[in-house]
Amino acid sequence: MRESNSYMVFSGTATKYLAEKICLSLGCPLGELQITKFSDGEFAVSFEESIRGRDIFLVQSTFPNSDNLMELLLMIDAAKRASARTINAVIPYFGWARQDRKDKPRVSIGAKLVADLLSVAGVDRVITMDLHADQIQGFFDVPVDHLYASGVILPYLQSLNLDDLVIASPDVGGSKRANTYAKYLGCPLVLCNKTRARANVVATMQIIGDVKDKNVVIIDDMVDTAGTITKAADIMKEAGAKTVRACASHCVMSGPASERVQESALEEIVFTDSIPYTQRCAKVKQLSVADMFAETIRRVLNNESISSQYLV
């Protein structure tokens, strides 16, 4: 691996907790970055040490509010103007990813817009995890290293030693992801068919498959208001499931999500720490992806294979 003085890691405000753990795994200090805020809400970014000729890694998830995305864009622009050798955006959670296509007339494709903003700002590479749709990688004209939370979630599920295990997808759209887990663990797959009344509101849901006397694990990429995943858990419990757990990559958990999870049939819900979770819910558990991102940074610096570290 290159000497530590040839690369530097910096973080925006929202993801500093994760950047510190990544730096601990890499054995390097977190770079000094200052974000000055003005009274009208505007802010400015400045690197407090020379980055000329260095490989720069900027750690920032772009979950709401929009300041997190704007911070990342300003960091990229500042690094470009400070003559960094390469600028690598480490985005554990890529926000606006649900807007990946025109699903009705006269709507924006937010994921493509964000990709364009990052490219125009001057990013050379993007390292992210579990995009809502894999095709978002194609929205970029720079290399995208797409990591998978399965690298930390699968070992955790195996450590539970659950008998009669069944993997479930909360909707048909997530069946590919859930099927990958089911194949790796050698267990059956169950699907939920849902219809929505409107965004974040589930109208109806039916189970396709047998969950009676099974230990069910629901797999998803993110949990926002937790309406879908808690409804799925409750229906599966009513259908005779012994236990129901959920695993998701990104802990969005907005609005009534924590209360819904606490009151649901879920035994626990497991996330990565791509997004900080500050609310209190005894059923929420977070697994760190810091070592996985640190290893990816090492491999990028050493021009080594990224895909060889994937479990599935």
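Residues numbered from 1 in each chain as written. Predicted model: local features only at pLDDT ≥ 70, side-chain atom pairs only at ≥ 80, totals over all residues. Heavy atoms only, no water.

We now examine the UniProt feature "domain: Ribose-phosphate pyrophosphokinase N-terminal" (unreviewed entry) in the chain. The feature "domain: Ribose-phosphate pyrophosphokinase N-terminal" (unreviewed entry), as given by UniProt, occupies residues 8-122 in the numbering adopted here. As annotated, residues 8-122 comprises 33% helix and 22% strand, and the C-alpha atoms at either end are separated by 17 Å. (UniProt positions renumbered as here; feature names shortened; annotations may be inferred. Helix = DSSP H or I, 4+ residues; strand = E, 2+ residues; numbered from the N terminus.)

Helix-helix packing is described using two parameters, namely the angle between the two axes and the distance between the axes. Interaxial distance between helix α4 (residues 150-160) and helix α5 (residues 175-185) falls to 12 Å at its minimum, and their mutual angle equals 45°. Here α5 runs oblique to α4, going by the angle between their axes. Both α4 and α5 take part in a crossing whose hand is right-handed. Where α4 approaches α5, its residues Ser150, Ile153, Leu154, Leu157 and Gln158 are matched on the opposing element by Tyr181, Tyr184 and Leu185. Here the contact of α4 with α5 is composed, by residue class, of 6 nonpolar, 2 polar and no charged. (Axes fitted to C-alpha atoms, helices over the stretch in contact; angles between N-to-C directions. Parallel < 35°, antiparallel > 145°, perpendicular 65-115°, else oblique. Left-handed = near helix turned anticlockwise from the far one by under 90°. Contact = heavy atoms within 4.5 Å. Nonpolar A, V, L, I, M, F, W, Y, C, P; charged D, E, K, R; others polar.)

Relative orientation of the contacting elements helix α2 (residues 67-81) and helix α3 (residues 110-121) amounts to 25°, with a least axis distance of 8 Å. On the basis of the axis angle, α2 is roughly parallel to α3. Contacts from Leu69, Leu72, Leu73, Ile76, Asp77 and Lys80 of α2 reach α3 at Val114, Leu117, Leu118, Val120 and Ala121. Broken down by class, the residue content of the contact of α2 with α3 amounts to 9 nonpolar, no polar and 2 charged.

What follows concerns unusual backbone geometry. For residues other than glycine, phi is negative in most cases, and the peptide bonds are mostly trans. Note that the residue after Pro64, namely Asn65, is joined by a cis bond; omega there is 10°. Even without a glycine there, the phi angle at Asn161 is positive, about 50°. Turning to its location among the elements, Asn161 is positioned in the loop between α4 and β8 (165-169). Phi is positive for Asn303, close to 55°, though the residue is something other than glycine. Take Asn303: it is sitting in the segment after α8 (290-301). Looking at Asn303, the relative accessible area reads 68%, which means it is exposed. (Buried < 20%, exposed > 50% of the residue type's maximum accessible area, 1.4 Å probe, protein only.)

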